[in-house]
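So you can see what is in the structure, the chains are spelled out below.
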Amino acid sequence: MNKFYSFQWAQKKGEILVESLNDYNDQDLMLGKHFLKEPFVVKVSEGKKLYDIVHFQDPFNFAISERVHKVFKDAGVTGWNSYEIVIEGRNEKYYGFQVSGKCGKLYRPKESGFVTGYEFGSETWDGSDFFCPQGTLLIFCTERVTQLLTTNRITNIELKEIDTIQWYSA
């Protein structure tokens, strides 16, 4: 059985957050349904420290450092796309991150309440290293990605096994 992890933002103290200078649909951008003219220009809106993962001032989108981009490309990680980001006033190179991998809908319990663990039909997973369950903006990744991120000491991420996450089912 495959182990899957939730790929989340760690929210480090003093981290830089960026905001776009242009309008965009945040959900479509994250899922790769919206393509941008490159480079996508953003400005620092708060914080002072750049980490490997830099979040936008929207709930879904983030950028990865050139180092992370290279780690993913060199390892042949699947289920993601990127677009060039320019952070005004900074020389560091970043890429917007889009998730293209998919799986079916998450199983929902019959009764409402708190639940531990996300589950989906393994036959609905497209086999990508990064993927979003249908109808959600959750980002899941494989154990291989988790090992790459850990081995390379990638900063500003939080990885949790999806079968240990508590969530509320309405």
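Source: prediction; values computed, not measured.

**Student:** Help me understand the pattern of salt bridges, please; the structure alone is not making it clear to me.
**Tutor:** Any two side chains of opposite charge can pair, on the condition that their charged atoms come close. Scanning all chains against the criterion turns up six salt bridges. The partner of Arg-144 in a salt bridge is Asp-129, and the shortest N-O contact between them spans 2.8 Å. With Arg-144 in helix 3 (residues 143-151) and Asp-129 in the loop between strand 9 (113-116) and strand 10 (130-133), this pair connects stretches of sequence that are 15 residues apart. Exposure remark for Asp-129: the relative accessible area of 8% places this residue in the buried category. The partner of Lys-160 in a salt bridge is Glu-158, and the shortest N-O contact between them spans 3.4 Å. Judged by relative accessible area, which is 37%, Lys-160 ranks as partly exposed. The exposure class of Glu-158 is partly exposed, given its relative accessible area of 29%.

**Student:** What is the right way to look at the pairing of strand 5 (residues 62-65) in this model?
**Tutor:** Note on strand geometry: in a regular strand, side chains alternate between the two faces of the sheet. Alignment of strand 4 (residues 53-56) against strand 5, held across three bridges, turns out to be antiparallel. By the bridge assignment, Val-54 is partnered in strand 5 with Ala-63.

**Student:** What is the right way to look at the sheet that holds strand 10 in this model?
**Tutor:** Sheet strands associate in pairs through backbone hydrogen bonding, adopting either a parallel or an antiparallel arrangement. Taking strand neighbours across the sheet as the criterion, the five strands line up as 8-10-11-1-12 in an open arrangement whose pairing is mixed. Of all the strands in the sheet, the pair left with one neighbour each is strand 8 (102-103) and strand 12 (157-161). Pairing between strand 1 (residues 4-9) and strand 11 (residues 140-142): three bridges, direction antiparallel. Bridging from a neighbouring strand, Phe-4 pairs with Thr-142 of strand 11. Contacting strand 1, strand 10, strand 11 and strand 12, helix 3 runs over the sheet at an angle of about 85° to strand 11.

**Student:** What exactly am I supposed to notice about the sheet that holds strand 5 here?
**Tutor:** The six strands lie next to each other as 2-3-6-7-5-4, forming a closed barrel whose pairing is mixed. Along the sheet, successive strands turn relative to each other by an average axial angle of 45°, direction set aside. Relative to strand 3 (residues 40-46), strand 2 (residues 17-20) runs antiparallel, the two sharing four bridges. Among the inter-strand pairings, Leu-17 is bridged to a residue of strand 3, identified as Glu-46. In the packing of helix 2 (residues 66-75) onto the sheet, contacts are made with strand 5, strand 6 (80-87) and strand 7 (94-99), and the angle to strand 5 comes to roughly 80°.

**Student:** Any chance you could explain the environment of Val-99 here in plain terms?
**Tutor:** Its place among the elements puts Val-99 in strand 7. Judged by relative accessible area, which is 2%, Val-99 ranks as buried. Taking the C-alpha atoms as reference points, Val-99 and Asn-81, 18 residues apart in sequence, are found 6.4 Å from one another.

**Student:** Got a minute to help me understand helix 2 in this structure?
**Tutor:** One turn of an α-helix holds 3.6 residues; hence residues three or four places apart share an orientation. Val-68, His-69, Val-71 and Phe-72 are the residues of helix 2 that are buried. Around the axis of helix 2, the buried residues are gathered within 160° of arc, so they sit on the same side. Among the exposed residues of helix 2, those pointing more than 90 degrees away from its buried face are Lys-70, Lys-73 and Asp-74. Buried residues belonging to helix 2 abut strand 5, strand 6, strand 7, strand 10 and helix 3. Where helix 2 ends, the next residue or the one after it, Gly-76, has phi of about 70°, a positive value.

**Student:** In this structure, what is going on with the state of the cysteines? I would like to understand it.
**Tutor:** In a disulfide, the sulfur atoms of two cysteines are covalently bonded to one another. With the rule as written, the count across this model stands at zero disulfides. Looking at Cys-103, it has no disulfide partner, and the nearest cysteine sulfur is the one in Cys-132, 8.4 Å off. You can call Cys-103 buried: its relative accessible area is 4%. Summary of cysteine pairing: Cys-141 is not part of a disulfide, and the nearest cysteine sulfur, belonging to Cys-132, is at 11 Å.

The rules behind these values
Residues numbered from 1 in each chain as written. Predicted model: local features only at pLDDT ≥ 70, side-chain atom pairs only at ≥ 80, totals over all residues. Heavy atoms only, no water. Salt bridge = Lys/Arg side-chain N within 4 Å of Asp/Glu carboxyl O. Helix = DSSP H or I, 4+ residues; strand = E, 2+ residues; numbered from the N terminus. Buried < 20%, exposed > 50% of the residue type's maximum accessible area, 1.4 Å probe, protein only. Pairing = 2+ DSSP bridges. Contact = heavy atoms within 4.5 Å. Axes fitted to C-alpha atoms, helices over the stretch in contact; angles between N-to-C directions. Arc of directions from axis to C-beta. Disulfide = S-S within 2.5 Å.

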